[in-house]
Amino acid sequence: MNASAFTLARAVRLSILIFGAAIFLAPYVFMISTAGKAQSDIFSSSLSLIPQHWSYIQNFAKALTRVSMTRLLFNGVAVCALIFGFQVMIAIPCAYAMAKLKFRAAKLMMVLVMLGLLVPIHATALPLYVAFDRMAVLNSYFALVAPFTISVFGIFLFLQFFRAIPDDLIHAARLDGMSELGIIGRVIVPNAWPAITAFAIFSVVAHWNDLYWPLIVVSNQAYATPPLGLLYFRAAEAGDDYGALMAATLIITTPLVAAFLLAQKRFVEGITMTGLKG
Amino acid sequence: ETTLTVHYPMPGFFKDVMDTISKKFMEENPDIKIQFANPSATYEEGIQLIMRQAGTAEMPDLTFIGLNRLRMVQERDLPVDLAPFIAKEGDMGKLGFSDNILKLAQVKGKQVGLAFATSNPIMYYNADLVKAAGGNPDVPPKTWDEVIALGAKIKALGNGVEGIDFRWQGDDWMFSALLFGAGGQMLGADEKSVAFAGPEGLRAVETLDRMVKQGGLPVFTAQAGEQAFFAGKVGIEFKTTGGLRNTIKSVGDKFDLRTAQIPLIDPVKGKLPTGGNAVVILARNAEKQQAAWKFAKFAAGPYGASVVVPGTGYVPNNELAAKSPDYLGNFYKANPLFVAGLSQMDRMVPWYAFPGTNGVKVTQAIVENLSRIVEQQATPRQALEDAASEVKGLLPRS
Amino acid sequence: MTALSLRGIEKSFSGNPILKGVSLDAGPGEFIALVGPSGCGKSTLLRILAGLESADAGEIMLGDRDLSPVPAADRNIAMVFQSYALYPHLTAAQNIAVPLVMRKLTRAQRLPLIGPLMPGQRKAVAAIKRDVREMAVSLKIDHLLDRKPGQMSGGQRQRVALGRAMVRRPSVFLMDEPLSNLDANLRVHARGEIVELHRRAGVPTLYVTHDQAEALSMADRVAVMIGGSLLQLASPQVIYDDPANIEVARFIGQPRINLFPSQIGADGTIAFGDIRVGLHRETVAAGAPVTIGIRPEFIRVSRSGQQGLPARIDRIEFLGSEIILYCRLDAIGETVVAKLSPTEGAGLAAGMPVRLEFSADRLFVFAENGRRLPSTPVDTATMRETAHG
Amino acid sequence: MTALSLRGIEKSFSGNPILKGVSLDAGPGEFIALVGPSGCGKSTLLRILAGLESADAGEIMLGDRDLSPVPAADRNIAMVFQSYALYPHLTAAQNIAVPLVMRKLTRAQRLPLIGPLMPGQRKAVAAIKRDVREMAVSLKIDHLLDRKPGQMSGGQRQRVALGRAMVRRPSVFLMDEPLSNLDANLRVHARGEIVELHRRAGVPTLYVTHDQAEALSMADRVAVMIGGSLLQLASPQVIYDDPANIEVARFIGQPRINLFPSQIGADGTIAFGDIRVGLHRETVAAGAPVTIGIRPEFIRVSRSGQQGLPARIDRIEFLGSEIILYCRLDAIGETVVAKLSPTEGAGLAAGMPVRLEFSADRLFVFAENGRRLPSTPVDTATMRETAHG
Amino acid sequence: MADAIAAAPPIVRKPARSAAERQEARAALVLSLPAMVLLFVFILLPVAVVILFAFTDYELGYAGFRFVGFDNYTELFTDRTFRRSLWNTAVYTAIVAPISIFMALGLAMLIESENIGRSFFRTAYFLPVASLLVAMATVWQYLFHPTIGPINALLALGGLPRPNWLGASTSVLYSLSIIGIWQSVGFNLVLFLAGLTAIPRELYHAAHVDGARSAFDRFRLVTWPMLGPTTLFVTTISIINAVKVFETVKTLTEGGPNKASEVLLFTIYQEGFVYLKVGYASAMTVVFLIILVVLMFLQYRVQDKQVHYS
Ligand SMILES: Nc1ncnc2c1ncn2[C@@H]1O[C@H](COP(=O)(O)OP(=O)(O)OP(=O)(O)O)[C@@H](O)[C@H]1O
Ligand SMILES: Nc1ncnc2c1ncn2[C@@H]1O[C@H](COP(=O)(O)OP(=O)(O)OP(=O)(O)O)[C@@H](O)[C@H]1O
Ligand SMILES: O=P(O)(O)OC[C@H](O)CO
Ligand SMILES: [Mg+2]
Ligand SMILES: [Mg+2]
């Protein structure tokens, strides 16, 4: 119980963690160092992390001015928020029903969910693209958001977590007069915060970074998402100028890291099922 | 007023170029507005985009297509035939479009586009390493034997330095450089039999094999090779002249960069493949086609070329541009690195485009067999024979 | 004011029958204590009633409304769960308020940000807060209202669970051992509160408890459930003084009733020591084995004297206000348990020889199948005379 | 055979002091019942002892080994959790076996696939199985051994939790209301098993219970904890008959002790009705307010007669083997609770006038600060004479 | 006799069950309806189109197509690339899925039992998930560079052999696996961290008291079984994600050298979008889906049986 004492086990634990973190972070060290290098500085035979010509200002200025970063970030936020909002609103009730209610279609739905998990967007992109074109909704937030409003990943994730919530809690809620939606909102969601936070992180990260689908449905810069912007940027401005590219990458990754830092607190204040005895 | 949507690939090379050209074009043609679709990263992705968008409202009015992929686009009947426009124009030569140059963008006699940027393979070398290895940087090697010998010496410098980087990955273009340089052909005249497996082909792959065995050519991915060269860790590099501007930027002042002609296995009969792309009109409506033609002509014309060449390293696709001091006449004097590509223009023949629907697969099969040679998993002969039989299987049967 | 009635409720878990056709009627405003050994199906019965579990067979009526098709949320039943089932993310106050919020506020009024803007919301919320506080005060948890369940003691949690059920005005109250984790004083206090609430609400109440004092003192009627069947449903007095069944007699009463095997004499009476009881309205063959039962508090212990059966004290248990004596009968070697007041028990010690007197009018007789055989004492003097005569 | 000793244990939760310096010695093999109102810190104390929570101050010694730095797993303490804390994924048998598996099998023998290949593993596992079954039989859950906790009733789960603690031979037993969800018969049975086990194991045992009969009948000594302090630690008899403190007196005894305000008379004695008690060894000023206490079972109720104080029956509570009478004293309007046996209570009814006689030698006197003032009855006749004289 | 019948309890029907259960089933359907409709529109319907395409010779860019029956499937059987691709995918999955699962689990436990730097460690391991691969590919390219890369520079310092990570057909799949693990550990870590919060502290207390001395014992006794649902999820998702590896291959190796890093999704992409043979690629997709559905379903069923829920 004396977690703060410095024991051998703790020393081992800390060294493993630090060593691992160093390895995991190594690419970022390179990234940050590169973001400060001029193009001719980047590929050199000496293993120098400190840029020879200090070019942070130029590279970041390039990244911030050549593409409309505010527009990109706004689009990214809007698209991710819309997607996440729809995903949780749609996946949570479905997962709740599958986890806690008895009905015959549940088995079939499980199969469909598994199937959905397996289908890569690459496989369905073409039919969806054609359909969206026919509906004349390409180049819109709708096109960016619609196919992801259903997250089978989310359904599966929530399903697994909801199944761990004691039935008695749901029973008590029913007796207290909650509708099934009320139970979801007032009992399930507050007790599944860690799972929802995890999902939020994944959803936001995935769609913030998604390149494949925006590339297909967006040809109008007004709807470009950050990675698409990065791609144009790389294509248009940076070419093989990795310094500017890394600077741009840092700019669009930082919001995600900040969001993660905020969200991960949810894991600390985890819910423990202490309301029950037995 | 007409608005044209223009799509182009490889914006890293072309973004600035396109912006400059379109700005100038719109100044000269105030009734036409150019609007760019999102550029695609590579030729292949560009084609994908066009194929997907074919027939939809999203389809651009003009696009730029890799010269060896024109055939594929034509087979799907996407490009507008430019013959009527050329006929109306009268003498194209006046505008700098020689027949040779027009031919680069013809498929089976049909004029599907106008060559916009053209390239050929050249030799880049690190003069510092050459000097260190005891060579004379002012007298670059002229034959493959010399290249290989020099490569071996450079490799011998040690300290992680490699002799040669040869960009064999990705497509069959650099293989063509060896093959055509030996006077070889890809397919027979009937396009039904494989011709590259003959003696010329064998000499080509043997040359590659010798580069690996003796010249210090390591197994590199395309980017790795380039990066190593930028870093000053490779003596000699063979790749398109189109990458020249980027190479200059990436090398900076790390070492003394030079360029030279690529050796030919057969200096007499030897030819070189033409890289690059052509502007293709896709617009279906007559009014737009008219405007598109104007733009295509302008972009591929002398003004366009005078923007493309310095900005990238491509060779001029327009004779007027190359010679006239109004355009590039003085440029080459001031920029000797760009001369290597220019000086090889007379050897340029079309980049061979394979018939049938398996065109891309064919090039892939060739590259894969080349990789066996580079990795020394197969003898040159064996790899060549395998490539031949695989390619044969991929050619249209009828 | 509606009555609750269960008809033939059956339930099995994976093939094991747990409830074997339980029928029970609770009048409007009746308080029924449901008792039975651990695992006999009490909680299951309550859960079926609440609509949380479905019965395999049977019918539940509230007044003349069939509850079966009504989902749990609409049955308007308040229940205290044996496991408490508190919402771990809510404070005690919020836990208690939930049923009120659900029923007193409209859907719009419950919305997080918009809710407070709705007309009447503030007043309703204030009223709920008041109710919750009142409830908390009466259960002595008002100082804990801001704590979450994880920060409370077992008994405190139980009281929150109780508060959550009691704060409502439901059509039925179900309580599953709501006081098991409370200390005696608090239990008596809470008992009072429950009875008071029940009196005011006047709705049928089913109350599961293992505390017999609770069952007997609070309930209008006590239902004894053993082995999945309801063995007796009667007033506490009847359950205790007139058990229908040996199992009921054995289950109710602490310390447990003393049981001795015996048989029906040739004259149709049963003799036990120097007392003798006769049966009425019963035709049991002479010689049939029966069991005789007498509750520990009806055994008088004297240190001297000639009356009663000789025995020896095995062990004395001190329970504060009473003393339990374990004696061994000299004659038959059986152990007899007697309950004495401290005054009566003063001076007794283990090993002492004593005489045990049984009140003949408190003797129970049970047939071999467990059924109670009504009996009356037979005056032994008279008997002896007739026997001699 | 080692003694357990706690010295000045203090603990507060977010600033609230919960344990205010608890010290307690349990001899080797001593059984101590820990009682106190809900929320007074009993569970917290046990958890500190077990090493699951750290005390803010204080010292825990087992024999002459300081337990404070020993991690919970190495303290070799068996504990029944108030919330059971069963492993939900293990069957009853596996749950009970855990402590044995952890202690009797080597690390290698416990490994999933390789374990059974280790020498001696089969024998050890068979021995564990046997122990588990024996334990289950003695707690009457042997038919449930293959069930998981989710498929058991509340009382069944509690017995599994109990079995898990009892199956071991620890150096200390801690039990937190281990029988609260069992019916009376089972509780008596389990009580017997626990006492038996304790006798065999001979290790100090701390037993938290809300059931006073349990505390008084099982324990060698009873510790009464109220408001975070140990008010009295003594044998059951002493706790009950000689409480040190008004709080202890009020807490122990069911129904609760009757308390009446009074004051010390001019002659240093205290009069209550027609009885009068004197204090010894105490110098309390005349006129000082005191509280008089008498337990319900020491009140005699007579329907007629001149002895005792006149009162009227308010309410009668039937508890089976006893009857609780709530009477109001005519003179001072205070409610008095009396406990009668069914025989004594026969014929009484609410509203009846009665006379209540108090045994003077059972009267407790408490000072204003709650401390008990030892007292002896004073013969009223003598008193009156002296007064008149 | 008649009396006996009359006296029999009148109720033996069981309306209770069906009515309540019907109600519950209806609620369940209503709650899952939006999800199912969208699933149908955005996943099932397009998949149906893909299945249809698989019976045609449809090529991107051509206006029409012909139905060719099972030709695409028969071709698939003899396709060396497809088989190679299946094998590579299997190897990649066999490396990446288990390592990333156990590494994530181990790290999650270590981070949770450590009380300093939790936020830092969580973020450090999560960072790869949050990063854009297009950019990170460049970084990896450099890190793995055979001559100027820092990894090989370090190996050289240690006098170790310097593999040609992404360049050689012998090592490319393992190099990609390293990147795959780097990318997915953080992902799994977050899931495990979320899963750990749902384990009641009481169980650890019980484990301590029961004599689970070492952290490993407590892990075996409490953590591992209680993490069952999470582990099932993580396993399923890890396998699926590993099988769906695409972006690293596309950006770093293009399947090369000589198909050494050819993986399923890349092959399908290549066939469909580079070679433009949509019909054939669709047939591949269908086979890919069938294999996976069967595998995943078996995995899920087997594992689900061993998982304890609440
Ligand atoms: N985590 C916590 N945070 C704040 N207060 C707590 C916490 N845990 C317990 N308490 C408080 O400490 C006090 C003692 O709790 P404890 O569980 O020891 O009581 P107890 O004597 O066992 O009560 P009971 O008989 O009801 O089980 C209670 O008043 C409780 O509210
Ligand atoms: N899910 C289940 N699967 C199998 N058996 C079960 C299940 N739930 C309960 N049981 C069994 O049903 C019987 C009745 O359980 P129930 O909880 O109703 O008992 P109870 O009377 O409330 O007991 P207690 O007084 O111990 O709480 C028990 O024997 C229990 O083991
Ligand atoms: O880049 P280009 O247009 O010169 O084309 C050359 C080939 O792509 C090189 O493989
Ligand atoms: Mg129960
Ligand atoms: Mg407690």
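Residues numbered from 1 in each chain as written. Chains lettered and ligands numbered in written order. Predicted model: local features only at pLDDT ≥ 70, side-chain atom pairs only at ≥ 80, totals over all residues. Heavy atoms only, no water.

**Things to note about the nonpolar core**
Phe156, Phe158 and Phe162 of chain A are the most contacted members of the largest nonpolar core, which has 331 residues in total. With 15 residues, the single largest contributor to this core is helix H4 (residues 69–100) of chain A. Setting aside residues no more than four positions away along its own chain, Phe158 of chain A makes contact with Val88, Ala91, Ile92, Ala95, Ala195, Ile196 and Phe199 of chain A. Grouped together as the second largest cluster of nonpolar side chains are 86 residues, Ala97 and Ile239 of chain C together with Val290 and Ile294 of chain D included. (Core = buried A, V, L, I, M, F, W, Y, C linked by side-chain atoms within 4.5 Å. Buried < 20%, exposed > 50% of the residue type's maximum accessible area, 1.4 Å probe, protein only. Helix = DSSP H or I, 4+ residues; strand = E, 2+ residues; numbered from the N terminus. Contact = heavy atoms within 4.5 Å.)

**A few points about the pattern of salt bridges**
With the rule as written, the count across this model stands at 60 salt bridges over all chains. Among the salt bridges present, the one from Asp25 of chain D reaches Arg7 of chain D, with a minimum N-O distance of 2.7 Å. Of the two residues, Asp25 of chain D is situated in strand S2 (residues 16–26) and Arg7 of chain D in strand S1 (residues 4–13); the sequence distance between them amounts to 18 residues. Between Lys104 of chain D and Asp131 of chain D there is a salt bridge; the shortest N-O distance is 4.0 Å. Taken together, the residues Lys104 of chain D in helix H2 (residues 92–104) and Asp131 of chain D in helix H4 (residues 121–138) connect sequence positions 27 residues apart. Residues participating in the shared-partner salt-bridge network are Glu322 and Lys339 of chain C together with Glu322 and Lys339 of chain D. (Salt bridge = Lys/Arg side-chain N within 4 Å of Asp/Glu carboxyl O.)

**Some thoughts on the coordination of the magnesium ion (ligand 4)**
All names here are of chain C. Every protein donor of the magnesium ion (ligand 4) is accounted for by Ser43 (OG) and Gln82 (OE1), and the metal-donor separations fall at 1.9 to 2.2 Å. Residue Ser43 is located in helix H1 (residues 42–50), and its partner Gln82 is located in the loop between strand S6 (77–80) and helix H2 (92–104); the two are separated by 39 residues in the primary sequence. Using a relative accessible area of 18% as the deciding quantity, one classes Ser43 as buried. When its relative accessible area of 15% is taken as the criterion, Gln82 is described as buried. (Donors = N, O, S within 2.8 Å, 3.2 Å for Na, K, Ca; no water.)

**Considering the domain arrangement of chain C**
All names here are of chain C. The domain architecture assigned to chain C consists of domain 1 (4–246) and domain 2 (255–388). Computed over C-alpha atoms, the centres of domain 1 and domain 2 are 40 Å apart. Across the boundary between the two partners, domain 1 contributes eight residues, which contact ten residues of domain 2. Across the domain 1 to domain 2 interface the summed buried area is about 740 Å²; carbon plus sulfur atoms make up 52%. Of all residues in domain 1, the largest losses of buried area upon contact with domain 2 belong to Tyr240, Pro243 and Ile246, amounting jointly to 69% of the total for that side. Remark: the boundary between domain 1 and domain 2 carries one salt bridge. Ionic pairing is found between Asp242 and Arg372, a salt bridge with its closest N-O pair at 2.6 Å. Remark: the boundary between domain 1 and domain 2 carries six residue pairs in polar contact (both at pLDDT 80 or more). (Domains from an automatic or database assignment. Buried area = accessible area lost by both parts, 1.4 Å probe. Polar contact = N/O pair within 3.5 Å; in protein donor to acceptor, adjacent residues only side chain to side chain.)

**Examining a nonpolar patch on the surface**
All names here are of chain E. A cluster of nonpolar side chains, namely Leu33, Val37, Phe40, Val41 and Leu45, defines an oily patch on the protein surface of about 420 Å² accessible area. With respect to the helices, strands and loops of the structure, Val41 is situated in helix H2 (residues 15–53). Overall, Val41 belongs to the partly exposed group, its relative accessible area being 34%. (Patch = residues over 30% accessible without salt bridge, like charges linked within 9 Å, V, L, I, M, F, W, Y side chains within 5 Å. Areas by Shrake-Rupley, 256 points an atom, 1.4 Å probe, with all protein chains shown as cover.)

**Some words on the site of ligand 2**
Close to ligand 2 lie 20 residues; Ser43 and Thr44 of chain C together with Arg147, Ser153 and Gly155 of chain D are nearest. Each of chains C and D places residues next to ligand 2. Residue Lys42 of chain C places a main-chain N or O atom 2.7 Å away from an oxygen atom belonging to ligand 2. Starting from 640 Å² of accessible surface for ligand 2 in isolation, the protein chains cover 89%. Of all the elements in the fold, those that place two or more residues in the shell around ligand 2 are H1 of chain C together with helix H5 (154–166) of chain D. Broken down by class, the residue content of the shell around ligand 2 amounts to four nonpolar, 13 polar and three charged. (Near = heavy atom within 4 Å. Nonpolar A, V, L, I, M, F, W, Y, C, P; charged D, E, K, R; others polar.)

**Side note on the packing of aromatic side chains**
Here the structure, examined in full by the defined rule, presents 64 aromatic pairs over all chains. By way of ring pairs, the aromatic residues Phe84, Phe153, Phe156, Phe158, Phe162, Phe199 and Phe202 of chain A together with Phe187 and Phe233 of chain E are connected into one cluster. Against the face of Tyr326 of chain D rests Arg315 of chain D, its NZ or CZ located 4.2 Å from the ring centre. (Phe/Tyr/Trp six-rings, centres within 6.5 Å; stacked < 30°, edge-to-face > 60°. Lys NZ or Arg CZ within 6 Å of the ring centre and 35° of its normal.)

**Things to note about unusual backbone geometry**
Excluding glycine, residues mostly have negative phi values, and the peptide bonds linking residues are mostly trans. Residues and elements named next belong to chain C. Following Gln254, the chain continues to Pro255 via a peptide bond in cis, the omega torsion being -5 degrees. Positive phi, normally seen in glycine, also occurs at Ala85, with a value near 50 degrees. Judged by relative accessible area, Ala85 falls into the buried class, the value being 0%.

**Focus: the sheet that holds strand S9 (residues 221–226) of chain D**
All names here are of chain D. Taken in spatial order, the six strands make up an open sheet running S6-S7-S8-S3-S9-S10, and their pairing is mixed. Across the chains shown, the open sheet's two edge strands, defined by having one partner strand only, are strand S6 (77–80) and strand S10 (229–234). Across the sheet, the axes of successive neighbouring strands diverge by a mean angle of 15 degrees, strand direction being ignored. Contacts from helix H6 (residues 184–201) reach strand S3 (31–35), strand S7 (172–176) and strand S8 (205–208), with the element oriented near 160 degrees to S7. (Pairing = 2+ DSSP bridges. Axes fitted to C-alpha atoms, helices over the stretch in contact; angles between N-to-C directions.)

**As for the interface of chain E and chain A**
Facing the 94 residues of chain E at the interface are 97 residues of chain A. Together chain E and chain A conceal approximately 8600 Å² of surface at their shared face, both sides included; 79% is due to carbon and sulfur atoms. Broken down residue by residue, the surface that chain E buries against chain A is led by Leu31, Phe42 and Leu132 of chain E, which jointly contribute 9%. Between chain E and chain A we count zero salt bridges in total. Here chain E and chain A share eleven residue pairs in polar contact (both at pLDDT 80 or more) between them. Of all the elements, H2 of chain E adds the most residues to the side of chain E that touches chain A, at 20 residues. Its residues assigned to classes, the side of chain E that touches chain A comprises 73 nonpolar, 14 polar and seven charged.

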